[in-house]
Amino acid sequence: MANLRRAISYVIPRLLDSASRSHVTASPVASHASSRPSLGSVFRLYSSKDNISLVDIDLSNEESKRRLFNRLLYRSKQRGYLELDLILGKWVEDNVHSMDESGIKSLVHVLDVENPDLWKWLTGQEQPPEAISTNPVFAAVHKKVMNNLDSHAAPETRATPGQPWVRGWDDFKKGRDSPIVGNQ
């Protein structure tokens, strides 16, 4: 408890101080200004769905390209959802070096989508919204996932399009204490 109290007493004044000095910066220089990370260094790695300019897309020299590609590769491989880590990580690893600025913005938009929604849309369990379905990166990853499903998974093992995958090893149980759906 003392460590938590000490951490809060250390972080809160710095957050308030940096917020009052200036608004959150998207500059990569902000994170290197001091030895301690600032508020700007946390937010510059992420973008919102409406404001893609928070991601510093600088393709002017090899070092900035390398940093951007590594950051995008990390975001695609470390999502916390194993299936998406494998699918997106491999796709980004194979394609990120051939992308231009608009492709990178499309990739960032896909990476900003929540994991459960993205998984359902990529596997055809739900229809994606128009903004996502017209995204060229989403379309390419979706095509790859569906081709893999069609070539490696028997149709009877998959749910019908638009339905969640709920068939599991214990679906035959229909007793009072069994789960309603799935293999919980």
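No experiment lies behind these values; they were computed from the predicted model shown.

Caption draft 1: Geometry of the overall build of the protein chain. Scanning the protein chain for helices and strands turns up 8 helices and 0 strands. Going residue by residue from the N terminus, the α and β elements of the protein chain occur as α-α-α-α-α-α-α-α. Looking at the protein chain as a whole, 29% of its 184 residues qualify as buried. Carbon and sulfur atoms provide 57% of the accessible area of the protein chain, an area that totals close to 12400 Å².

Caption draft 2: Fine view of the nonpolar core. By size, the foremost hydrophobic cluster in this structure holds 26 residues, and its most contacted members are Leu 72, Ile 104, Leu 107 and Leu 118. At the level of secondary structure, the elements contributing two or more residues to this core comprise helix H3 (62-77), helix H4 (82-95), helix H5 (101-111), helix H6 (115-122) and helix H8 (136-152). Beyond its immediate stretch of four places on either side in the chain, Leu 107 contacts Leu 72, Val 92, Val 96, Met 99 and Val 137.

Caption draft 3: The pattern of salt bridges, seen in detail. This model, assessed by the stated rule, comprises 8 salt bridges. Residue Glu 62 is joined to Lys 65 by a salt bridge in which the shortest nitrogen-to-oxygen separation is 3.6 Å. With Glu 62 and Lys 65 both in helix H3, this residue pair falls 3 residues apart, about one helical turn. In this structure, Arg 67 and Glu 63 form a salt bridge, with 3.2 Å as the shortest nitrogen-oxygen distance. Of the two residues, Arg 67 and Glu 63 both sit in helix H3, 4 residues apart, roughly one turn of that helix. In this structure Glu 63 comes out as partly exposed when scored by relative accessible area, which is 37%. One network of salt bridges, with partners in common, ties together Glu 63, Arg 66 and Arg 67.

Caption draft 4: Focus on the side chain of Asn 115. Structurally, the position occupied by Asn 115 is in helix H6. What makes Asn 115 buried here is its relative accessible area of 14%.

Caption draft 5: How the structure looks around a nonpolar patch on the surface. Where nonpolar side chains cluster on the molecular surface, the patch consists of Ile 8, Ile 12 and Leu 16 and spans about 290 Å² of accessible area. Tracing the sequence through the fold places Leu 16 in helix H1 (residues 2-21).

Caption draft 6: Layout of the environment of Gly 162. Here Gly 162 is to be found in the segment after H8. For Gly 162, a relative accessible area of 44% gives the class partly exposed. For the pair formed by Gly 162 and Glu 126, sequence separation is 36 residues and the distance between their alpha carbons is 4.8 Å. If sequence neighbours within four positions are ignored, Gly 162 has contacts with Gly 124 and Gln 125.

Caption draft 7: Summary view of H5. Across the 11 residues that make up H5, a large majority, 8, are buried. Within the sequence span of H5, burial applies to Gly 103, Ile 104, Ser 106, Leu 107, Val 108, His 109, Val 110 and Leu 111.

Caption draft 8: Spotlight on the environment of Phe 138. By the element assignment, Phe 138 lies in helix H8. With a relative accessible area of 3%, Phe 138 lands in the buried category. The residues touching Phe 138, leaving out its near neighbours within four places in the chain, are Val 110, Leu 118, Trp 121, Leu 122, Pro 128, Ile 132 and Ser 133.

Caption draft 9: Just H4, in detail. Under the 1.5 Å per step criterion, the end-to-end length of H4 is 20 Å for 14 residues, consistent within 8% with the ideal 20 Å. The complete set of buried residues in H4 reads Leu 84, Asp 85, Leu 88, Gly 89, Trp 91 and Val 92. Along its buried surface, H4 packs onto H3, H5, H6 and H8.

Reading guide: rules and limits
Residues numbered from 1 in each chain as written. Predicted model: local features only at pLDDT ≥ 70, side-chain atom pairs only at ≥ 80, totals over all residues. Heavy atoms only, no water. Helix = DSSP H or I, 4+ residues; strand = E, 2+ residues; numbered from the N terminus. Buried < 20%, exposed > 50% of the residue type's maximum accessible area, 1.4 Å probe, protein only. Areas by Shrake-Rupley, 256 points an atom, 1.4 Å probe, with all protein chains shown as cover. Core = buried A, V, L, I, M, F, W, Y, C linked by side-chain atoms within 4.5 Å. Contact = heavy atoms within 4.5 Å. Salt bridge = Lys/Arg side-chain N within 4 Å of Asp/Glu carboxyl O. Patch = residues over 30% accessible without salt bridge, like charges linked within 9 Å, V, L, I, M, F, W, Y side chains within 5 Å. Expected span 1.5 Å × (residues − 1).

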